[in-house]
Amino acid sequence: MVFLVNFARVVFASLLDPIAVDFQVDEAALGAVATAAWLGSALPRVPTGYLLTKVPRHHVVIGSGGLLVGAAVFTSFSPTLPLVTLGAFLLGLSSGAYFIAANPLVSELFPEGVGRALGIHGTAAQLAAVVAPLLVVAVLLVGDWRLTFRLLAVAGVLATAGLYGTARRADLPDAGSEDRDLLGAARAQWRIVLTGVVVVGTVGFLWNGLFNFYVRYLSQVKGIPPETGNLVLTLLFAAGVPAFFVTGRLADRFPNVPLLLGVVGGFLGCVVLLTLTQGLLPIVALTVVMGYILHSLFPVADTYLLASLPDHHRASAYTAYSASMMIVQAGGSVTIGELVASGLAFDTVFLGLCAVVGTVLVALVALHVTGRLPAGRVPGEAEPSPPGETT
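Fair warning: this is a prediction, and the values are worked out from it, not measured in the lab.

Visitor: Any chance you could explain the side chain of H295 here in plain terms?
Guide: Considering the arrangement of structural elements, one finds H295 in helix α15 (residues 280-306). H295 sits in the buried class, given a relative accessible area of 2%. A polar atom in the side chain of H295 sits 2.7 Å from the backbone oxygen of G291.

Shown next as structure tokens:
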């Protein structure tokens, strides 16, 4: 299921060119489509977090599968760009509801190896990003872009039915049974939640716009044909597969804050180098490095939060983080699209955003050095205890 919900929101990066040809629109309109998917992924997270205080996590996961199927069918038959944008938003809703319910569930199923479990879960999601450009190329050989969403709907039906059957037979954990106060959890854990939002939200803003326009950027700025650009985009996501698996394990063994800050610095360096690099082979090599570094951010950030938050706050505090972070990063595509449509060069926009995120990074490093940034749980230490309890 995680493969499909992530596929639904990343596939637009490969479909922007055929959608542009079909509807005859510019980067600003295309950026709005991509942003709709990520804004849709952001907005249901708080309502879903509240729902999780009332119903079991696996019920929400199964419901997200039903929403995915309906949204994919709707998008495949949308005759106008505004309706396609609405379809992208609905697909995003399914992913947002899924991740809010599934990530805490995964951490509770494997409490002794949160980073490893989240790394495996993230690897499955990342495989969708790897497959998306290749599948789009294959689909466009036999049909139009709408066929992508019809295939997604069929796969969604099968996955949802399979998950329902598995959940009925499984012995699921009740670690989050006391997590019943969404606002209380957010207030109690606000420092670590805010740290996660600042780190992942600002980096994600740049990343969201970068990968959604990567094929068009390579074509228009670097002279790489769109077909080849889709393959390079595949490498960008493929590099994230080992990143989720390997870095997820490292997050169980090393302090998470230095890892987070190191990843941010490495990614910014790669984006700056991208604007300076010419030639297919150097760009391919840099793409692989950039993809690995960026995707390392997600298992480290999730481990930082989910391993540090106590059972009685975990899902609710994670909801506050995830919803806020996604809203911040969702605007990346439409912002970059608008700036490019107004006449600014892609490289100018990317470098300007690097300067903004770099300023945030310097501030975070200063806070960490002075001990004012939440350190999270030290790898190997016991689960945080609820108030009034001892371990």
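What follows picks up the thread again.
Visitor: Is there a simple way to think about the packing of aromatic side chains in this case?
Guide: We describe a pair of aromatic rings using the distance from one ring centre to the other and the angle between the two ring planes. On inspection of all chains with the given rule, the structure shows 15 aromatic pairs. Aromatic ring contacts, followed pair by pair, group W38, W207, F211, F237 and F267 into a single cluster. The ring of F77 carries the charged tip of R150 above its face, separated from the ring centre by 4.6 Å.

Visitor: So what exactly am I meant to see when it comes to the packing of helix α4 (residues 45-52) against helix α16 (residues 314-330) here?
Guide: Think of two packed helices as two axes; the pair is described by the angle between the axes and how far apart they sit. Interhelical geometry of α4 versus α16 gives an angle of 165° and a closest axis separation of 8 Å. As summarised for this structure, α4 and α16 are arranged roughly antiparallel, according to the angle between their axes. The handedness of the crossing between α4 and α16 comes out as right-handed. Between α4, through R45, V46 and G49, and α16, the contact on the second element is made entirely by T319, S322, A323 and M326. Across the contact of α4 with α16, the residue classes tally to three nonpolar, three polar and one charged.

Visitor: Mind showing me how you'd approach the state of the cysteines here?
Guide: A covalent bond between the sulfur atoms of two cysteines is what we call a disulfide. Applying the stated criterion to the full structure yields zero disulfides. Among the cysteines around C270, which has no disulfide bond, C354 carries the closest sulfur, lying 9.9 Å off. Given the relative accessible area of 8%, C354 is considered buried.

Visitor: Help me understand the environment of L339 in this model?
Guide: For L339, the location among the structural elements is in helix α17 (residues 332-341). C-alpha of L339 to C-alpha of L286: the two residues are 53 residues apart in sequence and 25 Å apart in space. Residues contacting L339, with those up to four places away along its chain left out, are L344 and V349.

Visitor: Mind showing me how you'd approach a nonpolar patch on the surface here?
Guide: Taken together, the side chains of I120, F245, V246, L250 and F254 define a hydrophobic patch exposed on the protein surface, amounting to about 400 Å² of accessible area. When residues of the nonpolar patch are assigned to their parent elements, the largest contribution, three residues, is made by helix α13 (residues 240-251). Inspection of the secondary structure puts I120 in helix α7 (residues 114-142). The partly exposed category is assigned to I120, whose relative accessible area is 40%.

Visitor: I'm lost on the environment of F350 in this one. Help?
Guide: As for its placement among the helices and strands, F350 is situated in helix α18 (residues 346-369). In contact with F350, other than residues within four places in its own chain, are L206, L210, Y217, V271, T275 and I336.

Visitor: Is there a simple way to think about the packing of helix α1 (residues 2-10) against helix α2 (residues 12-23) in this case?
Guide: Two numbers describe how α1 lies on α2: the axes approach to 7 Å, and their chain directions differ by 40°. Judged by the angle between their axes, α1 and α2 are oblique. Of α2, the residues touching α1 (which contributes A8, R9 and V10) are F12, A13 and S14. Looking at the contact of α1 with α2 residue by residue, the class counts come to four nonpolar, one polar and one charged.

Procedures and definitions
- Residues numbered from 1 in each chain as written.
- Predicted model: local features only at pLDDT ≥ 70, side-chain atom pairs only at ≥ 80, totals over all residues.
- Heavy atoms only, no water.
- Helix = DSSP H or I, 4+ residues; strand = E, 2+ residues; numbered from the N terminus.
- Buried < 20%, exposed > 50% of the residue type's maximum accessible area, 1.4 Å probe, protein only.
- Polar contact = N/O pair within 3.5 Å; in protein donor to acceptor, adjacent residues only side chain to side chain.
- Phe/Tyr/Trp six-rings, centres within 6.5 Å; stacked < 30°, edge-to-face > 60°.
- Lys NZ or Arg CZ within 6 Å of the ring centre and 35° of its normal.
- Axes fitted to C-alpha atoms, helices over the stretch in contact; angles between N-to-C directions.
- Parallel < 35°, antiparallel > 145°, perpendicular 65-115°, else oblique.
- Left-handed = near helix turned anticlockwise from the far one by under 90°.
- Contact = heavy atoms within 4.5 Å.
- Nonpolar A, V, L, I, M, F, W, Y, C, P; charged D, E, K, R; others polar.
- Disulfide = S-S within 2.5 Å.
- Patch = residues over 30% accessible without salt bridge, like charges linked within 9 Å, V, L, I, M, F, W, Y side chains within 5 Å.
- Areas by Shrake-Rupley, 256 points an atom, 1.4 Å probe, with all protein chains shown as cover.
- Salt bridge = Lys/Arg side-chain N within 4 Å of Asp/Glu carboxyl O.

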